[in-house]
Amino acid sequence: GWTDPQDVAVGPDGVFWVARLLSPKIFVERPVQTFVDLSSLDADGNPDASSIRIVGNQAFVALERLTNDVSQQPSQIAVLDATSLALAQTITLKGRNPFGLMVESAGKLWLADVGSPFDATEPDAGIEVVDTTTLTSTLLISEATLGASVFQVAVNATCGAAIVGDSSVANKTSLVSFSLDGSNVATTPGFGPTTGFDLRGLAWLPPENGNGARLLVGDQRSKVGGFPVHVFTASAPTCALTAGTDLTVPDLPAFAFAPL
């Protein structure tokens, strides 16, 4: 059941759901292992599920819908009933190729629509927001505004951040920030560019112990003692990033974070 898992979500009943890129079937870990077949949502038989989130009693599955590993058609979100597992509807996204993990916050899903990672001028790529109540979507910040392809996004109650990459073969990565209504976008990177596709893993930690929300950013480049995790804070309304003290992960680089 674990063929090329990309993301996992846990339903209100404690059941695990697994999105698998190389299989058209969503794996559901019930007392009897169950599969939800989405093969009908792409002509090639696999809609390329990249991420999954459960909001209320609905499972939202991001579908890249690749053709020969290239994004050439509209991407979608499949909306499933979390109890019956039935497909309720699909949402056609404004952007193509939702890359990495969706982020759920306040009933909205945030997606990094990378389009082609080697073209930073596409009109149908950028940061997209899906309202899980109205089942509508908005391309909030375009790739042209960012000046780069977006690979990962994270938001807290007031600000967002994204890992973006240039259109070179190396996809040199940078970190940018934005306000949640899209009115402020820091086009000058808060960090980077790096020399390659080095920044991976992005998440906000909630405020605690008198500290404000902190942003964690993984870096695949080794240093003495391990691999760095960069720490930033951001203040509304501009959401400009301020660097803090790096953390260090021994042995292996961080690829993703799950604040608990």
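Whatever comes next refers back to the structure up there.
None of these values were measured; they are calculated from a predicted model. Position labels on residues start from 1 in each chain and follow its written sequence. At least 70 in pLDDT is required for a residue's local features to be given in this predicted model, at least 80 for side-chain atom pairs to be given and counted, and no such filter applies to totals for whole chains, interfaces and linings, which use all residues. Just so you know, side-chain values use all the structure's heavy atoms and leave hydrogens and water out.

(A) View of the pairing of strand β4 (residues 34-37). In the sheet, strand β3 (residues 25-29) pairs with β4 via 4 bridges, with the strands oriented antiparallel. The partner of Phe27 across the bridge, within β4, is Phe35. At least two DSSP bridges between two strands are required for those strands to pair. Secondary structure follows DSSP: runs of H or I at least 4 residues long count as helices, runs of E at least 2 residues long count as strands, and numbering of each begins at the N terminus.

(B) Layout of the sheet that holds strand β2 (residues 16-20). Across the sheet, which stays open at both edges, the 4 strands sit in the order β1-β2-β3-β4 with antiparallel pairing between neighbours. With partners counted over all chains shown, the strands left at the sheet margins are β1 (5-10) and β4, one partner each. On average, each strand axis in the sheet is tilted by 25° relative to the strand beside it, whichever way the strands run. Only C-alpha atoms enter the line fits that serve as axes; for helices the fit covers just the stretch in contact. Angles between N-to-C directions range over 0 to 180 degrees.

(C) The arrangement of the side chain of Arg96 in detail. Tracing the sequence through the fold places Arg96 in the loop between β10 (87-92) and β11 (98-105). Any pair of N or O atoms that falls within 3.5 Å is considered a polar contact. Within protein, one atom must be able to donate a hydrogen and the other to accept it, and sequence-neighbouring residues count only if both atoms are side-chain atoms. Polar contacts involving the side chain of Arg96 include one to the side chain of Asp124, which spans 2.8 Å. By definition in these notes, contact holds between two residues if any of their heavy atoms fall within 4.5 Å. Beyond its immediate sequence surroundings of up to four residues, Arg96 is in contact with Ser71, Gln73, Ser75, Asp113, Val114, Gly115, Ser116, Glu122 and Asp124.

(D) Structural view of the packing of aromatic side chains. Two rings from Phe, Tyr or Trp (for Trp, the six-membered ring) form a pair when their centres are within 6.5 Å of each other. A pair whose planes differ by under 30 degrees is stacked, one over 60 is edge-to-face, and the rest are tilted. The full count for this structure, using the stated rule, is 5 aromatic pairs. Between the aromatic rings of Phe191 and Phe232, the centroid separation amounts to 6.1 Å while the plane-to-plane angle is 70°, which identifies the pairing as edge-to-face. Of this pair, Phe191 sits in the loop between β17 (173-179) and β18 (199-205) while Phe232 is found in strand β20 (residues 227-235), placing the two residues 41 residues apart along the sequence. Type-normalised accessible area, obtained with a 1.4 Å probe on protein chains alone, sets the label of each residue: buried when under 20%, exposed when over 50%, and partly exposed for intermediate values. With a relative accessible area of 3%, Phe232 lands in the buried category. Taken together, the ring pairs in this structure connect Phe99, Phe151 and Phe197 into an aromatic cluster.

(E) Spatial organisation of the layout of surface pockets. Grid spacing is 1 Å over the protein atoms alone, the probe is 1.4 Å, and a cavity is where that probe fits but cannot get out, while a pocket is an open set with protein on both sides within 12 Å along at least five of seven lines and lining residues have an atom within 4 Å of a point. Grid points are joined across faces, edges and corners, and a volume is the space filled by probe spheres set on the points. In this structure, the largest pocket encloses a volume near 1,100 Å³. Along the walls of the largest pocket sit 39 residues, with Asp7, Arg53, Gly100, Leu101 and Gln152 positioned nearest its centre. Looking at the lining of the largest pocket, the elements with two or more residues in it are β1, β5 (49-55), β11, β15 (149-155) and β18. Classification convention: Asp, Glu, Lys, Arg as charged; Ala, Val, Leu, Ile, Met, Phe, Trp, Tyr, Cys, Pro as nonpolar; all other residues, Gly among them, as polar. Across the lining of the largest pocket, the residue classes break down as 24 nonpolar, 7 polar and 8 charged.

(F) Structural detail: the environment of Gln73. With respect to the helices and strands, the residue Gln73 is situated in the loop between β8 (70-71) and β9 (76-81). For Gln73, a relative accessible area of 18% puts it in the buried group. Expressed as a C-alpha distance, the spacing of Gln73 and Pro5, which sit 68 residues apart in the sequence, is 23 Å. Gln73 has contacts with Asp42, Arg65, Leu66, Thr67 and Arg96, leaving out every residue within four places of it along the chain. A polar contact of 3.5 Å, which involves the side chain of Gln73, links it to the side chain of Thr67.

(G) Seen up close, the pairing of β18. Burial runs high along β18: 5 of the 7 residues are buried. Alignment of β18 against strand β19 (residues 214-219), held across 5 bridges, turns out to be antiparallel. The residue of β19 that forms the bridge with Trp204 is Leu215.

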